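Spelled out, the chains give:
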Amino acid sequence: MTMRRTAVATATAALTLLAAWGGAPSATAAPAAPAPKTANTPTAAGTCAVLAPGASAVAEKAVAAACEQIGVWYTWGGGHGPQPGPTYGQVDPSDPDSAHDPERLGFDCSGLVRFAYARAAGGDPLTGNAHHQFHSPHVQQRFTAAQATGPLLPGDLLAWGSGSIHHIAIYLGAGKMVEARESGTRITVSDVRLDGDYAGAVRIAPPTAAPGTFSTWGTDVWTHREPSTTSPRVHKFPGPTTVRIECQKHAEPVTAEGYTNDAWSYLPEYGAWITNIYIKGAAWLDGVRTCP
């Protein structure tokens with residue numbers, strides 16, 4: 001499109017660029033996140049608030065916490081710092097729209113979910129990425145894609161992905177959700193998308209830790225189909241993640257991070273095994289039964 005070279009057109013173009021880029025940061029000042037709106041604030045897509053009855057107090061608090069972030073930038077990898085909260089993002093090599101994410105303070109989809117439930121429940125119950133949150137030991141109830149939104153309550157987590165979950169959002173009720181969707185956008189209210197690779201939803205009950213709940217440690221830790229490093233890999237934990245351990249057994253000895261251990265733990269939510277080296281606790285975990 002040819003731009004008319006007038007003072008008005010030039011000013012309009014400059015304002016348009018600033019609006020699209022969120023303003024150009026100076027060389028000495030880091031860009032600030034937009035001032036968050038409060039729950040019940042209307043957005044372009046609708047009101048961000050609990051829009052249906054029946055949710056637990058924790059779920060309603062999670063909705064309120066997420067709604068306070070309306071208008072904050074989506075940033076790839078945002079929200080996964082040592083503590084829940086917005087962080088500067090990273091460049092996603094597969095997405096050109098993420099080029100400015102390192103300059104933007106915000107959340108990705110799972111970072112927003114982590115923050116909302118940490119604020120609502122205390123602690124940090126939903127660490128990890130969207131796939132790990134969907135398989136969290138804090139899941140109380142699961143709903144299939146075929147059930148659509150009928151049985152859902154505010155605070156339930158909706159997920160998308162075939163095989164591995166790649167996106168997650170928080171249900172508000174009335175067919176609406178709050179989400180950090182993709183680079184170049186801000187946290188917003190959207191209509192629930194039940195087409196494509198919608199995988200279903202889960203209800204979270206985090207106040208009481210599930211029996212056998214532990215935390216992993218380390219980065220880029222792989223689980224395996226069998227208790228052996230030579231068996232096929234199943235899932236990778238990019239950082240510390242809460243997991244439920246069904247049982248443990250002695251199997252292939254593993255040496256890593258300066259430790260050697262032959263104990264392996266079975267993670268039922270993942271259908272996979274992990275060496276006990278990467279589970280916080282004793283080499284042989286207290287209170288966990290031995291696998292048959």
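Overview of the structure. Along each chain, residues carry numbers from 1 onward, in the same order as the chain's sequence is written. Residue-level local features of this predicted model are given only where pLDDT is at least 70; pairs of side-chain atoms are given and counted only at 80 or more, and the full residue set underlies all totals for whole chains, interfaces and linings. Computation of side-chain values covers all heavy atoms of the structure but excludes hydrogens and water.

Quick notes on the sheet that holds strand 4 (residues 87-88)
The strands making up a sheet associate through hydrogen bonds between their backbones, and the pairing can be parallel or antiparallel.
Point 1. Any two strands are treated as partners once DSSP identifies two or more bridges connecting them. Note on conventions: DSSP H or I runs of at least 4 residues are helices, E runs of at least 2 residues are strands, and numbering of each starts at the N terminus. Spatially, 3-5-4 is the arrangement adopted by the three strands of the open sheet, whose pairing is mixed. The outermost strands of the open sheet, each flanked by one partner alone, are strand 3 (73-74) and strand 4.
Point 2. Bridge analysis of strand 3 against strand 5 (residues 105-107) gives two bridges, and the strand direction is parallel. Residue Tyr74 lies in a different strand from strand 5, and its bridge partner there is Phe107.

Overview of the packing of aromatic side chains
Point 1. Under the pairing criterion, centres of Phe, Tyr and Trp rings, with the six-membered ring standing for Trp, must be within 6.5 Å; the plane angle then separates stacked pairs below 30 degrees from edge-to-face pairs above 60, leaving the rest tilted. Per the stated rule, a full pass over the model turns up five aromatic pairs.
Point 2. Ring centres 5.4 Å apart and planes at 45 degrees place the aromatic pair Phe107 and Phe115 in the tilted group. For the pair Phe107 and Phe115, one class covers both residues: buried.
Point 3. The ring of Trp73 carries Arg186 above its face, with NZ or CZ at 3.9 Å from the centroid.
Point 4. Positioned above the aromatic ring of Trp160, the side-chain terminus of Arg193 is 5.3 Å from the ring centre. Throughout this description, buried means an accessible area under 20% of the type-specific maximum (1.4 Å probe, protein chains only), exposed means over 50%, and partly exposed covers the range between. Each ring is checked for a lysine NZ or an arginine CZ that lies within 6 Å of its centre and within 35 degrees of its normal; such an atom marks a charge sitting over the ring.

A short note on helix 2 (residues 57-67)
Point 1. All buried positions along helix 2 are accounted for by Val58, Ala59, Ala62, Val63, Ala65, Ala66 and Cys67.
Point 2. On its buried side, helix 2 packs onto helix 3 (109-121), strand 8 (167-173) and strand 9 (176-179). Note on contacts: a residue pair qualifies if any of its non-hydrogen atoms lie within 4.5 Å across the two residues.

Some points on the layout of surface pockets
Point 1. If you add up the space inside the largest pocket, you get close to 870 Å³.
Point 2. With a 1 Å grid laid over protein atoms only, a set of points is called a cavity when a 1.4 Å probe fits there but cannot get out and a pocket when it is open yet has protein on both sides within 12 Å along at least five of seven lines; lining residues have an atom within 4 Å of a point. What lines the largest pocket is a set of 30 residues, and nearest its centre among them are Gly77, His80, Asp108, Ser110 and Asn129.
Point 3. Top contributing element to the lining of the largest pocket by residue count: helix 3, with three residues.
Point 4. Tallied by class, residues from the lining of the largest pocket come to eight nonpolar, 12 polar and 10 charged. Grid points are joined across faces, edges and corners, and a volume is the space filled by probe spheres set on the points. Lys, Arg, Asp and Glu make up the charged group, whereas Ala, Val, Leu, Ile, Met, Phe, Trp, Tyr, Cys and Pro make up the nonpolar group; the residues left over, Gly among them, are polar.

What about the pattern of salt bridges?
Point 1. When a carboxyl oxygen of Asp or Glu is within 4 Å of a side-chain nitrogen of Lys or Arg, the pair counts as a salt bridge. Counted according to the given criterion, the structure contains eight salt bridges.
Point 2. With its nearest N and O atoms 3.1 Å apart, the salt bridge here joins Glu68 to Arg119. Residue Glu68 is located in the loop between helix 2 and strand 3, and its partner Arg119 is located in helix 3; the two are separated by 51 residues in the primary sequence.
Point 3. Classification of Glu68 by relative accessible area gives partly exposed; the value is 30%.
Point 4. Since its relative accessible area comes to 46%, Arg119 is described here as partly exposed.
Point 5. Between Arg289 and Glu246 there is a salt bridge; the shortest N-O distance is 3.8 Å.

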